[in-house]
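# Architecture at a glance
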Amino acid sequence: MNFDLEKFKVHGEPLIYGAMISIALVSIGIVVGLTVFRKWGWLWREWLTTVDHKRIGVMYILAALLMLFRGGIDALMMRLQTAAPDMKFLDAQHYNEVFTTHGLIMILFMAMPFIIGLMNVVVPLQIGARDVAFPRLNAVSFWLFFFGAMLLNISFVIGGSPDAGWSAYFPLASLEFSPTVGNNYYSLALQISGIGTLMTGVNFIVTILKMRAPGMKLMRMPMFTWSVLITNVIIVFAFPVLTVALALMMFDRLFGSQFFTMANGGMDMLWANLFWVWGHPEVYIVILPAFGIYSEIIATFSKKNLYGYTSMVASMLIISLLSFIVWAHHFYTMGQGVLVNGFFSITTMAIAVPTGVKIFNWLFTLRKGRISFTTPMLYSLAFIPIFTIGGVTGVMLAMASADYMYHNTMFLVAHFHYVLIPGAVFAVIAGFHYWFPKVFGFRLNERIGKHAFWWIIISFNVAFFPLFILGLKGMTRRMYTYSAETGFGPLNMISFAGALGLAIGFVILVYNIYWSTRYMPRDENGDPWDARTLEWATHSPIPEYNFAVVPKVKSRDPFWAMKHDKQPLFEEPITKIHMPSNTGKPFVLGVVFFFLGFFLVFSMWIPAIVAGVGVLIVLAAMSFERDHGFYIPADKVIKTEKKLGGGTV
Amino acid sequence: MKVDTSKPLEYGTHENSNRIFGFWVFLGAEIALFATLFTVFFVLVNRFADGPSGSELFEIGPVLIETFLLLTSSFTIGLAVHAMRHQYKRAMLVFFGITLLMGLGFLGIEITEFVTYVHEGATLQTSAFLSSLFVLLGTHGAHVTFGFLWGAAIMIQLMREGINPATANKSFIFSLYWHFLDVVWIFIFSFVYLKGLM
Ligand code: HEM
Ligand SMILES: [Cu+2]
């Protein structure tokens, strides 16, 4: 094997050395910290081997927050580079790498896992279950996601990052035009975490369809659970397309196949089609759960039940179907003819209808409600107008003929940030504030939370509204610099200021977690917001078995009915509870997959084969294991319930 | 674990019946996966550049044997599940073993076919048509290979533990997987080979 150390090195740029040093320092810090405080055993027992959906959810969210900062630093670097004409902060190659990793990380390693984290924490509780259907598979999902994300993250310092955009269009992403290993990382890191996501999809469909508490009919499910169910159906049908697309990309780049090449019959547009057949449903995978989160929050803080429950469900179903037949709106300009463009124009605009229905349902839920302006509610209220701007500009872009003007300009960049940030980021932040007390037993401070809110909301508009104007003036996206004569300078400077403000907002948000952990009083009864759904019917923090007694559901918003209509929820006596036991195998599987991916990236075949065999061995070990879990005896459950006190049983 | 005896053994516990349902959902994803691969194949089928086309390459003989082996193995795994329901451990193991051997035979022929193609100068790199052919067939073949290993692991567990809710559940799920691969092969046989030969 010709082993060439040069391939691993990334040259030049103090920035990259900075990244290397900070990665090294953080890793050393973690290792030393764990050793000094003797926490290795704790880490392994309580976290790395856990199969508890709440802990897995917390790990997802932690990873997502980290990735938010990584993607955010990318964003700041781009905004700094374009803040003024002819800046020399990043060169063209680095700008390419940075916008590519920014897009990938924000969507796949920040928004998705944040949402999957929230659904892990919340969904089993909302349906009155003790866990997800397959707790171990859930751990496998997490570790595959995590190590996929790590694989992409090390690309910046080992070998070079992908640089052909998050959409990695061919022929640009082919070996010929992107000769570094960057796009190998793309095809493998996304593949590994994508398999994890697919497993999540299967797991949550079964959980929601088969694990609901007695009496919780489908049309009694909380709206967030509904949105998660529909999202996971989309995952199960959309992710296999990504799996195939990435596999073909890998074959083209590593084994010289001719799928997307320019010669020998290859077809570059095939990639664009496959990518967006997955890619458009993907944006609904991050946005539908957000709709669910807002529905919960708006109902809770308006002290009303959700307006138009049935139409909410129906509109999500329609959106999920339409999301599969709009993909070509991403490349109207690629010459597929009037008829095709016309079809995709109409389907795209049609999505505005069910989305509009949802907006009006939220407004009607607010109407005559007794509204309390808590931090999560503020994000939900801000979402409505901002998202509407994103939606209206989306309809503008949907018109194929007009899109010839907007295509690939900053107008588009402004549009999708106007849907993704209120649609996904504000939602997960709102959900984070809303469910935080459920998981940790105390609220985040409202005053600091609102400070962060105003910083984020105002800065967001300062950062992105100018981009609409810049786009109309003709500034194209993915452009690393421009000359002073273009006149793009001032608006870009304003946008940079907005990006800085956003960064400050996020820092305040994280500071709030620290501050609240130290100073906030503990919640007494597990229901700090006077909420409506089952997750609030158990204690905070949640005992490992979730509910000492499985609740009996007789209506929508069963917890509200219990509090206000005296409808009993917990009628059975406490009995012993069956629990799954922890396992280290999912973590090991993730590690082995990481090495498999890494060796393939660098075409190191023999180590890759060894790692591949390793994967099979871990799978076999899982198959041969007989683990029947364990029982928590009834008296122990009663003791725990007494200790947590104040609760429901 | 509560075992509900009114249901077939493999559905006995709540957890096991969830597993079967979950596997159906997973097969939904597999359908999406193969549908995508077939689409790619249909898009590229006439783009054979300087390389051979399907009708120049394919020979019906080996493909018929492959089809025969796989279809029969789908039948024998059905027999194995039938034997399992009656607690006939020996019969079950025999049918299971025959199934896996036929899978192995299928793989042997498929690999020989691939080697022949390559010797005739039709490689993964030759043309888009051949790339999509190799990847479509290869994905199916990789599934069969994985199925062989997985099935072998289940057989060992059956020999050790006999037929119990856990092994019955695994065997049943394996049979679903195996039938599914058979269905995919029927599509490959009709739309890749027969259509290609026409
Ligand atoms: C937090 C503040 C954010 C800022 C300041 C920011 C800024 C930017 C900038 C400057 C670009 C590149 C524009 C260009 O030159 O083409 C970009 C691209 C992009 N951003 Fe963001 N962004 C932010 C958050 C997000 C979030 C939360 C998401 C997704 C959930 C996201 C998804 C994307 C995507 C997909 C691209 C396209 C990448 C590509 O061209 O391949 N961004 N963003
Ligand atoms: Cu789209």
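Please refer to the structure higher up on the page.
These figures come from a predicted structure and were not determined experimentally.

Before going further, it helps to examine the overall build of chain A. The helix and strand tally for chain A stands at 20 helices and two strands. Against the 2.2 N^0.38 benchmark of 26 Å for 649 residues, chain A shows a C-alpha radius of gyration of 25 Å, consistent with a compact globule. Oriented by its inertia axes, the alpha-carbon framework of chain A measures out at about 70 × 60 × 50 Å. Residues classed as buried in chain A amount to 60% of the 649 residues present. Long-range contacts, defined here as pairs at least 24 residues apart, represent 82% of the contacts in chain A between residues at least 6 apart. Summing over all exposed atoms, chain A offers an accessible surface of approximately 24,800 Å²; the carbon and sulfur share of this is 71%.

Time to look at the overall build of chain B. What chain B contains, in helices and strands, is six helices and zero strands. When the elements of chain B are put in sequence order from the N terminus, they spell out α-α-α-α-α-α. Considering only C-alpha atoms, chain B reaches an extent of 65 × 30 × 25 Å along its principal axes. Counting over 198 residues, chain B shows a buried share of 53%. In chain B, the share of contacts with a sequence separation of at least 24, taken over all contacts with a separation of at least 6, comes to 81%.

A few words now on the coordination of the iron atom of ligand 1. Residue and element names in this part refer to chain A. For the iron atom of ligand 1, the full set of protein donor atoms is His102 (NE2) and His417 (NE2), at a range of 2.0 Å. Its six donor atoms give the iron atom of ligand 1 angles of 88 to 179° at the centre, a pattern that matches the octahedral case. Of this pair, His102 sits in helix H4 (residues 92–126) while His417 is found in helix H14 (residues 410–440), placing the two residues 315 residues apart along the sequence. Looking at His102, the relative accessible area reads 12%, which means it is buried.

Compared with the 51 Å implied by 1.5 Å per residue over 35 residues, the 51 Å span of helix H8 (residues 268–302) of chain A between its first and last C-alpha is a close match. The element H8 of chain A is extensively covered by neighbouring structure, given that 31 of its 35 residues are classed as buried.

Residue and element names in this part refer to chain A. With respect to the helices, strands and loops of the structure, Asn445 is situated in the loop between H14 and helix H15 (446–473). Classification of Asn445 by relative accessible area gives buried; the value is 12%. Reaching out from Asn445, the side chain makes a polar contact with the backbone nitrogen of Arg447 at a distance of 2.7 Å. If we ignore the near neighbours within four places in the chain, the residues touching Asn445 are Asn512, Trp515, Ser516 and Met520.

This brings us to the coordination of the copper ion (ligand 2). Residues and elements named next belong to chain A. Ligation of the copper ion (ligand 2) by protein atoms is provided by His280 (ND1), His329 (NE2) and His330 (NE2), these donors lying 1.7 to 2.0 Å from the ion. All donor residues of the copper ion (ligand 2) come from one chain, and their arrangement in sequence is H-x48-H-H. Residue His329 is classed as buried on the basis of its relative accessible area, which comes to 15%.

Another point: the side chain of Thr200 of chain A. Within the secondary structure, Thr200 of chain A is located in helix H6 (residues 182–210). Note on Thr200 of chain A: relative accessible area 1%, which makes it buried.

All right, on to the interface of chain B and chain A then. Across the boundary between the two partners, chain B contributes 37 residues, which contact 36 residues of chain A. Together chain B and chain A conceal approximately 3,000 Å² of surface at their shared face, both sides included; 73% is due to carbon and sulfur atoms. Counting every contact that joins chain B to chain A gives one salt bridge. With its nearest N and O atoms 3.1 Å apart, the salt bridge here joins Arg626 of chain A to Glu161 of chain B. The tally of links from chain B across to chain A stands at 10 residue pairs in polar contact (both at pLDDT 80 or more). If one sorts the elements of the side of chain B that touches chain A by residue count, helix H1 (residues 14–44) of chain B sits on top with 16 residues. A breakdown of the residues in the side of chain B that touches chain A according to their chemical character gives 20 nonpolar, 12 polar and five charged.

Moving on to the packing of helix H4 (residues 89–119) of chain B against helix H5 (residues 128–161) of chain B. All names here are of chain B. The contact between H4 and H5 brings their axes to 10 Å, and the two run at 155°. Taken together, H4 and H5 sit at an angle that is classed as roughly antiparallel. For the pair H4 and H5, the sense of crossing is left-handed. A per-class count over the contact of H4 with H5 returns 20 nonpolar, eight polar and two charged.

Moving on, we get to a nonpolar patch on the surface. Residues and elements named next belong to chain A. A cluster of nonpolar side chains, namely Trp605, Ile606, Ile609, Val610, Val613 and Ile617, defines an oily patch on the protein surface of about 600 Å² accessible area. Mapped onto the elements, Ile606 comes out in helix H19 (residues 605–624). The exposed category is assigned to Ile606, whose relative accessible area is 59%.

Positionally, Leu412 of chain A belongs in helix H14. For the pair Leu412 of chain A and Thr476 of chain A, spaced 64 residues apart in the sequence, the C-alpha separation amounts to 9.2 Å.

All names here are of chain A. Here helix H11 (residues 352–366) is 15 residues long and its end C-alpha atoms lie 21 Å apart, about the 21 Å a rise of 1.5 Å per residue gives. Three or more residues of H11 are buried, namely Pro354, Thr355, Lys358, Ile359, Asn361, Trp362, Thr365 and Leu366. Buried residues of H11, seen end-on, are gathered within an arc of 155° and therefore sit on one face of the element. Summarising the geometry of H11, the exposed residues directed more than 90 degrees from the buried face are Val353 and Phe360. Here the buried face of H11 lies against H8, helix H9 (309–322), helix H10 (338–350) and helix H12 (375–398). Trailing H11 by a residue or two, Lys368 shows a phi angle of about 60°, which is positive.

So, on to unusual backbone geometry. Each neighbour pair has its own omega, and for Phe170 of chain A with Pro171 of chain A the value is 5°, a cis peptide bond. For the bond running from Ser540 of chain A to Pro541 of chain A, omega is -10°, close enough to zero to count as cis. Along the polypeptide, Pro541 of chain A turns up in the loop between helix H16 (489–519) and helix H17 (558–565). One non-glycine residue with positive phi stands out, namely Gln87 of chain B, at about 65°. Locating Gln87 of chain B in the fold gives a position in the loop between helix H3 (60–85) and H4. The exposure class of Gln87 of chain B is partly exposed, given its relative accessible area of 45%.

Now for the environment of Ala19 of chain A. Mapping Ala19 of chain A onto the fold places it in helix H1 (residues 14–36). According to the relative accessible area criterion, Ala19 of chain A is buried, its value standing at 17%.

The next thing to look at is the nonpolar core. Residues and elements named next belong to chain A. Formed by 277 residues in total, the largest nonpolar core has its most connected members in Trp271 and Trp362. In terms of residue count, H14 provides more of this core than any other element does, 21 residues in total. Once residues lying within four places of it in the same chain are set aside, the contact partners of Trp271 are Ser167, Ala168, Tyr169, Phe170, Tyr186, Ala245, Leu246, Met249 and Phe260.

Pairing between side chains becomes possible if they bear opposite charge and their charged atoms approach one another. All names here are of chain A. Within the structure shown, the criterion is met by 16 salt bridges over all chains. One salt bridge in this structure joins Asp74 and Arg70, with 3.4 Å as the shortest N-O distance. With Asp74 and Arg70 both in helix H3 (residues 53–81), this residue pair falls four residues apart, about one helical turn. There is no split in this pair, since Asp74 and Arg70 are both buried. The salt bridge involving Lys563 is made with Asp527; its shortest N-O contact spans 2.7 Å. With Lys563 in helix H17 and Asp527 in the loop between H16 and H17, this residue pair connects regions lying 36 residues apart in the sequence. Asp527 gets classed as buried once you look at its relative accessible area, which sits at 9%.

Scoring rules and cut-offs
- Residues numbered from 1 in each chain as written.
- Chains lettered and ligands numbered in written order.
- Predicted model: local features only at pLDDT ≥ 70, side-chain atom pairs only at ≥ 80, totals over all residues.
- Heavy atoms only, no water.
- Helix = DSSP H or I, 4+ residues; strand = E, 2+ residues; numbered from the N terminus.
- Rg over C-alpha atoms; globule rule 2.2 N^0.38 Å.
- Buried < 20%, exposed > 50% of the residue type's maximum accessible area, 1.4 Å probe, protein only.
- Contact = heavy atoms within 4.5 Å.
- Areas by Shrake-Rupley, 256 points an atom, 1.4 Å probe, with all protein chains shown as cover.
- Donors = N, O, S within 2.8 Å, 3.2 Å for Na, K, Ca; no water.
- Tetrahedral: all angles 85-135°; square planar, octahedral: opposite > 155°, others 65-115°.
- Expected span 1.5 Å × (residues − 1).
- Polar contact = N/O pair within 3.5 Å; in protein donor to acceptor, adjacent residues only side chain to side chain.
- Buried area = accessible area lost by both parts, 1.4 Å probe.
- Salt bridge = Lys/Arg side-chain N within 4 Å of Asp/Glu carboxyl O.
- Nonpolar A, V, L, I, M, F, W, Y, C, P; charged D, E, K, R; others polar.
- Axes fitted to C-alpha atoms, helices over the stretch in contact; angles between N-to-C directions.
- Parallel < 35°, antiparallel > 145°, perpendicular 65-115°, else oblique.
- Left-handed = near helix turned anticlockwise from the far one by under 90°.
- Patch = residues over 30% accessible without salt bridge, like charges linked within 9 Å, V, L, I, M, F, W, Y side chains within 5 Å.
- Arc of directions from axis to C-beta.
- Core = buried A, V, L, I, M, F, W, Y, C linked by side-chain atoms within 4.5 Å.

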